[in-house]
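Examining the three-dimensional arrangement
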Amino acid sequence: MIRPSERAMGVEYAIRDVVLPARELEKKGIKVIRLNIGDPGKYDFQPPEHMQEAYCRAIKEGHNYYGPSEGLPEMREAVVQREKRKNGVDITPDDVRVTTAVTEALQLIFGGLLDPGDNILVPSPSYPPYTGLVKFYGGIPNEYDTIEENGWQPDIDDMRKRINERTKAIAVINPNNPTGALYEKKTVKAILDLAGEYDLPVISDEIYDLMTYEGKHVSPGSLTKDVPVIVMNGLSKVYFATGWRLGYFYYVDPEDKLSEVREAIDKLMRIRICPSTPAQFAAIAGLTGPMDYLEEYMKKLRERRDYIYKRLTEIPGVSTQKPQGAFYIFPRIEERSKWKSDKEFVLDVLHEAHVLFVHGSGFGRAGEWHFRIVFLPPVEILEEAMSRFEEFMRKRLS
Ligand code: PLP
């Protein structure tokens, strides 16, 4: 037997891990309602027409070659325009890097920052690749608390306590996956102040930036005066093109503190050649084109968010915060005596009610005794899922 690397074997991704037992049930002909993966394209959401046309046109017109490692100049300019409009940031195309979606941006940034034993402050709970990829690059995910009763806002005092001499950056996911939290402006400011005090850069994941229900997203990139901020975004959520695998990141670095890190990341970018060329043409159309489709999509999402929130508040044994952004809700299991863990709970729901959630502990320490539900499907599907879940809970708690 040839031994695999420990580094790779240590990687876990809870969102897809729970699919295996669901598949077993489906093999037996059981219909499982899957509410585990945040992919709008699996439901009634598609990228807008003008992006689809631009993608097809790029292929037909012969844009099927390798592009520059840092991205096409036109794409980098389109990012500058979009980000000036959204965040008022003063950047140039030279500050922008195009990637194979935010996932690759994370790999490049962590790869460019981390030596073994370094740590990055990541929210708890958080989207699993933050902990998984930090570990893969030899780092330690340093999970800071978020305050559930306060809509899962980051706990700045806890962040401060966790900073040590090996801390390399503070990561912020806002709006948040899995909690749906939208951070208040004063919280974003407090994070910047803390980062400034300890001379740390902020890494800001803004993939859900225009997907908010109450209030608007505030980027640390728009508020910083001296703290370096690396902002990541892409086509997967707000542009509904998960499968196109395209994203970008940019540096807001008024005092040029990241110049060496930029060089390191650029080296990594060159050895992976380039992001998809035709997808960048689609992205240019999306980033510079009309956004009216989003209004209609957000109307649907709001209706689904309101529905699932209402149903969950009526189900015994669970409680929940109301998500302010993204398309996830993260209820808390209040009645714990019947299960050994949140994973056992989620598997029990799967086997009994045939509804697939993701166990909260898969999102880190603070996710324990919670579970994540994706509310992308139409209300009829959510209604069936919630009715099955409600029956399950009433039976278990009787
Ligand atoms: N960042 C967050 C917070 C996410 O929730 C997701 C996907 O669910 C991603 C990044 C992945 O984005 P991409 O498809 O651009 O790799």
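Residues numbered from 1 in each chain as written. Predicted model: local features only at pLDDT ≥ 70, side-chain atom pairs only at ≥ 80, totals over all residues. Heavy atoms only, no water.

1. Considering the overall build of the chain
Helix and strand content of the chain: 15 helices and 15 strands. With the C-alpha coordinates aligned to their principal axes, the bounding extent of the chain is approximately 60 × 55 × 50 Å. In the chain, the share of contacts with a sequence separation of at least 24, taken over all contacts with a separation of at least 6, comes to 75%. Roughly 17,100 Å² of accessible area belongs to the chain as shown, and the carbon and sulfur atoms make up 50% of that amount. Side-chain charges in the chain split into 54 positive and 61 negative, and the spacing between the mean points of these groups amounts to 3 Å. (Helix = DSSP H or I, 4+ residues; strand = E, 2+ residues; numbered from the N terminus. Contact = heavy atoms within 4.5 Å. Areas by Shrake-Rupley, 256 points an atom, 1.4 Å probe, with all protein chains shown as cover. Lys, Arg positive; Asp, Glu negative; His and termini not counted. Charge placed at Lys NZ, Arg CZ, Asp CG, Glu CD.)

2. So, the UniProt feature "domain: Aminotransferase class I/classII large" (unreviewed entry) in the chain
Here the UniProt-annotated "domain: Aminotransferase class I/classII large" (unreviewed entry) positions come out as residues 31–387. The distance separating the terminal C-alpha atoms of residues 31–387 is 15 Å; by composition the span is 39% helix and 17% strand. (UniProt positions renumbered as here; feature names shortened; annotations may be inferred.)

3. A word on the sheet that holds strand 11 (residues 328–329)
The strand order across the open sheet built from 3 strands is 11-15-14, with neighbouring strands paired in antiparallel fashion. Single-partner strands in this sheet number two, and they are strand 11 and strand 14 (358–359). Pairing of strand 14 with strand 15 (residues 371–374) involves 2 bridges; the strand directions are antiparallel. Each bridged residue has a counterpart across the sheet, and for H359 the counterpart in strand 15 is F371. (Pairing = 2+ DSSP bridges.)

4. Focus on the nonpolar core
Core analysis: the biggest nonpolar cluster contains 127 residues, and M75, I120, F249, F345, F357 and F389 have the highest contact counts within it. With 8 residues, the single largest contributor to this core is helix 13 (residues 292–314). Two domains each provide a minimum of three residues to this core, namely domain 1 (6–46 + 293–397) and domain 2 (49–288). The contacts of M75, once residues within four sequence positions are left out, are V98, L246, Y248, Q280, A283, I284 and L287. (Core = buried A, V, L, I, M, F, W, Y, C linked by side-chain atoms within 4.5 Å. Buried < 20%, exposed > 50% of the residue type's maximum accessible area, 1.4 Å probe, protein only. Domains from an automatic or database assignment.)

5. Notes on helix 12 (residues 277–288)
For helix 12, with 12 residues, the first-to-last C-alpha span of 17 Å sits near the 16 Å given by 1.5 Å per residue. Burial analysis of helix 12 places 10 of its 12 residues in the buried class, which makes it a mostly covered element. Of all the residues in helix 12, the buried ones are T277, P278, A279, Q280, A282, A283, I284, A285, G286 and L287. In this structure, the buried residues of helix 12 make contact with helix 4 (49–60), helix 5 (73–87), strand 2 (96–99) and strand 9 (247–252). (Expected span 1.5 Å × (residues − 1).)

6. A few points about the pairing of strand 8 (residues 229–234)
The buried fraction of strand 8 is high, at 6 of 6 residues. Residues V229, V231 and N233 point to one face of strand 8 and I230, M232 and G234 to the other, with burial holding for every one of them. The sheet contact formed by strand 7 (residues 202–205) and strand 8 spans 4 bridges and is parallel. Paired with S204 across the strands is V231, a residue of strand 8.

7. Quick notes on the packing of aromatic side chains
Enumeration according to the criterion identifies 25 aromatic pairs in this entry. Plain terms: the ring middles of Y208 and Y328 are 5.8 Å apart, the flat faces sit at 90 degrees to each other, and that makes the pair edge-to-face. Taken together, the residues Y208 in the loop between strand 7 and helix 10 (220–223) and Y328 in strand 11 connect sequence positions 120 residues apart. Across this residue pair, the class does not change: Y208 and Y328 are buried. (Phe/Tyr/Trp six-rings, centres within 6.5 Å; stacked < 30°, edge-to-face > 60°.)

8. Some remarks on the site of the ligand
Around the ligand there are 13 residues in total, and T103, N177, D205, Y208 and S236 lie nearest to it. One of the side-chain N or O atoms of N177 is found 2.7 Å from an oxygen atom in the ligand. Here S236 contributes a side-chain N or O atom positioned 2.6 Å from an oxygen atom of the ligand. Coverage of the ligand by the protein chains reaches 94% of its 400 Å² of free accessible surface. When each cavity is represented as a set of grid points, the ligand is found to reside in the largest pocket. In terms of residues, the shell around the ligand owes the most to one element, helix 6 (residues 101–113), which gives 3 residues. (Near = heavy atom within 4 Å. Polar contact = N/O pair within 3.5 Å; in protein donor to acceptor, adjacent residues only side chain to side chain. 1 Å grid on protein atoms, 1.4 Å probe; cavity = no way out; pocket = protein on both sides within 12 Å on 5 of 7 lines; lining within 4 Å. Sits in = over half its atoms within 2 Å of the grid points.)

9. With respect to the packing of helix 6 against helix 7 (residues 129–136)
Axis separation between helix 6 and helix 7 bottoms out at 10 Å; the angle between their running directions is 35 degrees. Crossing handedness for the pair helix 6 and helix 7: right-handed. Touching T103, L106, Q107 and F110 of helix 6 are P129, Y130, L133 and V134, all from helix 7. Among the residues making up the contact of helix 6 with helix 7, the classes are represented as 6 nonpolar, 2 polar and no charged. (Axes fitted to C-alpha atoms, helices over the stretch in contact; angles between N-to-C directions. Left-handed = near helix turned anticlockwise from the far one by under 90°. Nonpolar A, V, L, I, M, F, W, Y, C, P; charged D, E, K, R; others polar.)

10. Quick word on the sheet that holds strand 9
Across a sheet, paired strands are connected by hydrogen bonds in the backbone, their directions being either parallel or antiparallel. Spatially, 8 strands are ordered 2-9-8-7-6-3-4-5 in an open sheet, and the strand pairing comes out mixed. Each of the sheet's edge strands pairs with one partner strand only, and the pair in question is strand 2 and strand 5 (153–154).

11. Thoughts on the environment of S124
Structurally, S124 is set in strand 3 (residues 119–124). In this structure S124 comes out as buried when scored by relative accessible area, which is 0%. Separated by 87 residues in sequence, S124 and I37 place their C-alpha atoms 19 Å apart. Those residues in contact with S124, other than ones at most four positions away along the chain, are E143, Y144, D145, T146, G364, R365 and A366. A polar contact of 3.5 Å, which involves the side chain of S124, links it to the backbone nitrogen of R365.

12. Details of helix 14 (residues 342–353)
Count 3.6 residues to each turn of an α-helix, and residues three or four apart come out pointing the same way. The terminal C-alpha atoms of helix 14, which comprises 12 residues, lie 16 Å apart, in line with the 16 Å expected from a rise of 1.5 Å per residue. Along helix 14, the positions that sit buried rather than exposed are D342, F345, V346, D348, V349, L350 and A353. Of the surrounding elements, those touching the buried residues of helix 14 are helix 3 (19–27), strand 12 (332–333), strand 13 (355–356), strand 14, strand 15 and helix 15 (379–397). A positive backbone phi angle near 60 degrees is found at H354, which sits one or two residues after helix 14.

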